[in-house]
Amino acid sequence: QVQLVESGGGLVQAGGSLRLSCAASGRIFTIKTMGWYRQSPGKQRELVASISSGGSTNVADSVKGRFTISRDNVANTVNLQMNSLKPEDTAVYYCNARDLAWVDYWGKGTLVTVSS
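Bear in mind that the values here come from a model prediction, so they are computed numbers and not experimental data.

Quick look at the state of the cysteines
For step 1, the next point in the chain: What the rule picks out here adds up to one disulfide.
For step 2, the next point in the chain: The side chain of C22 participates in a disulfide bridge whose partner is C95; the two sulfur atoms lie 2.0 Å from each other. Its S-S torsion of approximately -85° makes the covalent link between C22 and C95 left-handed. Linking C22 in strand β3 (residues 18–26) with C95 in strand β9 (residues 91–99), this pair joins segments that are 73 residues apart in sequence. C95 shares its class with C22; the two are buried.

Listed below in structure tokens is the structure:
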């Protein structure tokens, strides 16, 4: 089992920045990929960005150039730096970890609200 705890959400004005962090614990040696997903009301959960243990990243087109994902394999954390935030970025952001058996683990989520 892997446990994930997110931090860093909140309220910000459009054009502002926020940094989300996620700390992993438990069977961390089994984690292959970590990332962030988001879900806004009435919409499906969508990938924001992910990063492999080797540092390869996958970033959604909607946030490319504005959001940066990073990972610290020693501290077992994954961070999402979000700049130039837009109202449409408002959502609950979930930390995700996928292990070598392709099992997904999720954090409880952190709310990001961007006001216009």
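The discussion continues.
Remarks on the environment of L85
For step 1, the next point in the chain: Inspection of the secondary structure assignment puts L85 in the loop between β8 (77–82) and β9.
For step 2, the next point in the chain: Owing to a relative accessible area of 2%, L85 belongs among the buried residues under this scheme.
For step 3, the next point in the chain: The spacing of L85 and S53 is 32 residues in sequence and 27 Å in space, taken between C-alpha atoms.
For step 4, the next point in the chain: Filtering out sequence-adjacent residues up to four positions away, L85 remains in contact with V12, A14, G15, G16, S17, L18, R66, F67 and V114.

Quick word on the pattern of salt bridges
For step 1, the next point in the chain: Under the definition given, this model contains five salt bridges.
For step 2, the next point in the chain: One salt bridge in this structure joins D61 and K64, with 3.1 Å as the shortest N-O distance.
For step 3, the next point in the chain: Relative accessible area serves as the criterion here: at 66%, D61 is assigned to the exposed category.
For step 4, the next point in the chain: Classification of K64 by relative accessible area gives exposed; the value is 52%.

Here's the deal with the pairing of strand β11 (residues 110–115)
For step 1, the next point in the chain: Side chains of β11 alternate between two faces, with T110, V112 and V114 buried and L111, T113 and S115 left unburied.
For step 2, the next point in the chain: The pairing of strand β2 (residues 10–13) with β11 spans four bridges and is parallel. Paired with L11 across the two strands is T113, which belongs to β11.
For step 3, the next point in the chain: The pairing of β9 with β11 spans three bridges and is classified as antiparallel. Note on β11: the bridge partner recorded for Y93 is T110.

What counts and what doesn't
- Residues numbered from 1 in each chain as written.
- Predicted model: local features only at pLDDT ≥ 70, side-chain atom pairs only at ≥ 80, totals over all residues.
- Heavy atoms only, no water.
- Disulfide = S-S within 2.5 Å.
- Helix = DSSP H or I, 4+ residues; strand = E, 2+ residues; numbered from the N terminus.
- Buried < 20%, exposed > 50% of the residue type's maximum accessible area, 1.4 Å probe, protein only.
- Contact = heavy atoms within 4.5 Å.
- Salt bridge = Lys/Arg side-chain N within 4 Å of Asp/Glu carboxyl O.
- Pairing = 2+ DSSP bridges.

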